[in-house]
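# A structural walkthrough
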Amino acid sequence: MIVGLCSTFREGQLAADAARSLLACCERVRVFDGPIADAPAEGPKTNWGALRKEPRIIVTHGEWASDAAKRTAMLDATRRLPEPTWGVIVDGDEVLLHGEGIPALIEHHEWDARAREEVSWGATLRLVEGDGTLGLIMARVLRLD
């Protein structure tokens with residue numbers, strides 16, 4: 001199983017696009033929308049109603065004391081899923097490109113790790129930021145179980 005996790009707050013349409021981009025590879029997407037600590041309420045609100053007809057996307061609204069607390073809540077939401085469960089993590093100002101290749105990437109990493117008699121825990125991922133820059137990010141495709 002592959003689950004998408006997305007942390008957002010006041011990123012407008014870009015946050016909805018981030019969540020939607022995860023559907024290319026994920027069976028379900030969990031969005032955690034809300035501020036960390038006393039973050040200012042600046043930026044455009046996201047219209048989550050536009051995704052209401054997409055049952056694979058679940059949006060949780062809240063406030064978290066820290067980025068670590070928010071990311072822990074995201075991980076906690078996946079704890080009862082079957083093994084192996086992989087996660088693809090993007091922030092609300094990022095869009096996943098070519099997500100349809102993620103299942104093959106995971107399969108390759110699992111096969112390679114088995115050949116070395118190890119367990120694969122993650123893979124690198126290229127992300128496009130809201131400003132259009134491309135980055136190679138570690139620990140964005142990882143085992144959640």
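Please refer to the structure higher up on the page.
For the structure given in this document, a descriptive report is provided here.

Parameters and conventions
Residues numbered from 1 in each chain as written. Predicted model: local features only at pLDDT ≥ 70, side-chain atom pairs only at ≥ 80, totals over all residues. Heavy atoms only, no water. Helix = DSSP H or I, 4+ residues; strand = E, 2+ residues; numbered from the N terminus. Rg over C-alpha atoms; globule rule 2.2 N^0.38 Å. Buried < 20%, exposed > 50% of the residue type's maximum accessible area, 1.4 Å probe, protein only. Contact = heavy atoms within 4.5 Å. Areas by Shrake-Rupley, 256 points an atom, 1.4 Å probe, with all protein chains shown as cover. Lys, Arg positive; Asp, Glu negative; His and termini not counted. Charge placed at Lys NZ, Arg CZ, Asp CG, Glu CD. Disulfide = S-S within 2.5 Å.

Turning next to the overall build of the protein. Regarding its fold elements, the protein presents 3 helices and 7 strands. Ordering the α and β elements of the protein from the N terminus gives β-α-β-β-α-β-β-α-β-β. Computed over its C-alpha atoms, the radius of gyration of the protein comes to 15 Å, within 12% of the 15 Å expected for a compact globule of 145 residues. C-alpha atoms of the protein, sized along the principal axes, occupy 50 × 30 × 30 Å. Residues counted as buried form 39% of the 145 residues belonging to the protein. Long-range pairs, those at least 24 residues apart, make up 75% of the contacts in the protein between residues at least 6 apart in sequence. Per element, the accessible surface of the protein, about 8000 Å² overall, is 53% carbon and sulfur. Across the protein, the centroid of the 17 positively charged side chains sits 6 Å from that of the 23 negatively charged ones.

Below, the discussion takes up the state of the cysteines. For the structure shown, the criterion picks out 0 disulfides. Distance from the sulfur of C6, which forms no disulfide, to the nearest cysteine sulfur (C26) is 10 Å. Exposure remark for C6: the relative accessible area of 0% places this residue in the buried category. C25 takes part in no disulfide bond, and the closest cysteine sulfur to it belongs to C26, at a distance of 3.6 Å. Accessibility expressed as a relative area gives 9% for C25, which makes it buried.

Attention now moves to unusual backbone geometry. Following E83, the chain continues to P84 via a peptide bond in cis, the omega torsion being -10°. Position of P84 among the secondary structure elements: in the loop between α2 (67-76) and β4 (86-91). Of note, R10 is a non-glycine position whose phi angle comes to about 55°, a positive value. Secondary-structure assignment places R10 in the loop between β1 (2-8) and α1 (12-21). In this structure R10 comes out as partly exposed when scored by relative accessible area, which is 23%. Even without a glycine there, the phi angle at A37 is positive, about 55°. Along the chain, A37 turns up in the loop between β2 (28-33) and β3 (57-61). On the accessibility criterion, A37 (42% relative accessible area) is partly exposed.

All quantities given are derived from atomic positions and should not be read as evidence of function.
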